[in-house]
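One-letter residues, chain by chain:
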Amino acid sequence: MASTVAVENLNPKVLKCEYAVRGEIVIHAQRLQQQLQTQPGSLPFDEILYCNIGNPQSLGQQPVTFFREVLALCDHPYLLQRDEIKSLFSADSISRAKQILALIPGKATGAYSHSQGIKGLRDTIAAGITSRDGFPANADDIFLTDGASPGVHLMMQLLIRNEKDGILVPIPQYPLYSASIALHGGALVPYYLNESTGWGLEISDVKKQLEDARSKGIDVRALVVINPGNPTGQVLAEENQYDIVKFCKNEGLVLLADEVYQENIYVDNKKFHSFKKIVRSLGYGEEDLPLVSYQSVSKGYYGECGKRGGYMEITGFSAPVREQIYKIASVNLCSNISGQILASLIMNPPKAGDESYASYKAEKDGIIASLTRRAKSLEDAFNKLDGITCNEAEGAMYLFPQLSLPQKAIEAAKVANKAPDAFYALCLLESTGIVVVPGSGFGQVPGTWHFRCTILPQEEKIPAIISRFKVFHEAFMVEYHE
């Protein structure tokens, strides 16, 4: 009897969904890693370097001490009763843990919480947003989530009714958006970032894509903006943000602001400004523009990816719509409590005068300074290679260099039934153990080829990565020279 479940009778939306960050090349890398473990010396490299995903601690970044002390005490409150606790933990981590435990019903991190998250932690986050932006935030607008991704899925679920509902998404984009739109059966409406102007977002192009989609009967519901950019690393200019907000208001679009890299800024001439701040600075209130802002504990200088913490702040939605958002959140019961606590901590870290402040600031500044140096080293190295051009990484955790591949390489990729940049990335992996993601997994201007490379390997490993990459690239270009 034939299997009752086969690829042919699966949900076609699932089959359409793709997520390149953990796709074919990463799966092959994992096989090679197993080979290295069982057959040491069988490959031309001795370790796999995962430059494919923004996962800082997997590559050696250390967690922030204050955050982990508070988490440890919240998860094991018995420690707070021990006499020796004051010699093991800072006074402010002890007091913060006690404050947080007092907010949790039953003082139990193993219990479910309110579906939006623990109210006291949402109050803390709202205060952090208010301090950051200079405009008030409300705990009732905050939904704590397991990282930012569930919040994105929730909004796609809410907005997409059928294949005629469209979402404007930047190209290149983080593949979560294309995957979520596909899973929920909507239409991705692309707008292209301008590589020649440092991955600039041009309203004229967005408007053209919007009008083109509408002419095809697509009801465009929302605009996604990723700032700082993933995979492109650009930081939007404040004036550009004002134009984006005005555009969304005039066109009746929900603005979905992915701001998870807000702490990752590496250039002096750019600063992060939240879209919430821009909206309020324009004098727009609750009636003017629906805005969803995403933040995560996975990025920034904290890099707590495995803790799955984050939040979305929703403003500009009517009470009946908010009820529906809450209903969807309730289906998942609640986000994990450790992630909720971390989300409150990153929005309310130690302040000057606190016992932990000096060590906290040293850890934070050290991580950001090192990321800045790593980004610059990789950018300079890529730009020295024939056939590669790379824009400056102003923020986030990635570089997105463009490849000018010889025609012979493009033809070899066609024979291998692969996109040219995927072929290049596969050859890079098999020669060096370096894992990058082909640009075709993020979207790109047709006829151009790229790859995304994180800046996250530890600083002492960067020279070896550059050296390995240089040897491979030069040999690849010679092999496929016309």
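Predicted model, so just to flag it, every value in this text is computed and none were measured. (Residues numbered from 1 in each chain as written. Predicted model: local features only at pLDDT ≥ 70, side-chain atom pairs only at ≥ 80, totals over all residues. Heavy atoms only, no water.)

Colleague: Help me understand the pattern of salt bridges in this model?
Modeller: Note that side chains of opposite charge can pair when their charged atoms are close. By the definition in use, this model includes 21 salt bridges. As a salt-bridge pair, Lys207 and Glu211 come within 3.4 Å of each other at their nearest N and O atoms. With Lys207 and Glu211 both in helix H9 (residues 203–215) and 4 residues apart, the pair spans about one turn of that helix. A relative accessible area of 33% places Lys207 in the partly exposed class. Accessibility expressed as a relative area gives 44% for Glu211, which makes it partly exposed. Taken together, the shared-partner salt bridges connect Arg161, Asp165, Asp219 and Arg221 into one network. (Salt bridge = Lys/Arg side-chain N within 4 Å of Asp/Glu carboxyl O. Helix = DSSP H or I, 4+ residues; strand = E, 2+ residues; numbered from the N terminus. Buried < 20%, exposed > 50% of the residue type's maximum accessible area, 1.4 Å probe, protein only.)

Colleague: Even after reading the chapter, I still don't get the pairing of strand S7 (residues 291–296), so can you show me in this structure?
Modeller: Moving residue by residue along a regular strand, the side chains alternate between the two faces of the sheet. With 6 of 6 residues buried, S7 lies mostly within the body of the structure. Every second residue of S7 is oriented toward a common face, with Leu291, Ser293 and Gln295 on one face and Val292, Tyr294 and Ser296 on the other, all of them buried. As defined by bridge partners, strand S6 (residues 254–258) adjoins S7 across 4 bridges and the pair is classed as parallel. Its bridge partner being in S7, Ala257 is matched across the sheet by Ser293. Crossover S6 to S7 through helix H11 (residues 275–281) is right-handed. (Pairing = 2+ DSSP bridges. Right-handed = clockwise from strand over helix to strand, strands pointing away.)

Colleague: What is the right way to read the side chain of Gln241 from this model?
Modeller: By the element assignment, Gln241 lies in helix H10 (residues 238–251). Given the relative accessible area of 0%, Gln241 is considered buried. Looking at Gln241, its side chain comes within polar contact range of the main-chain oxygen of His273, at 2.7 Å. (Polar contact = N/O pair within 3.5 Å; in protein donor to acceptor, adjacent residues only side chain to side chain.)

Geometric values such as these leave the question of function open.
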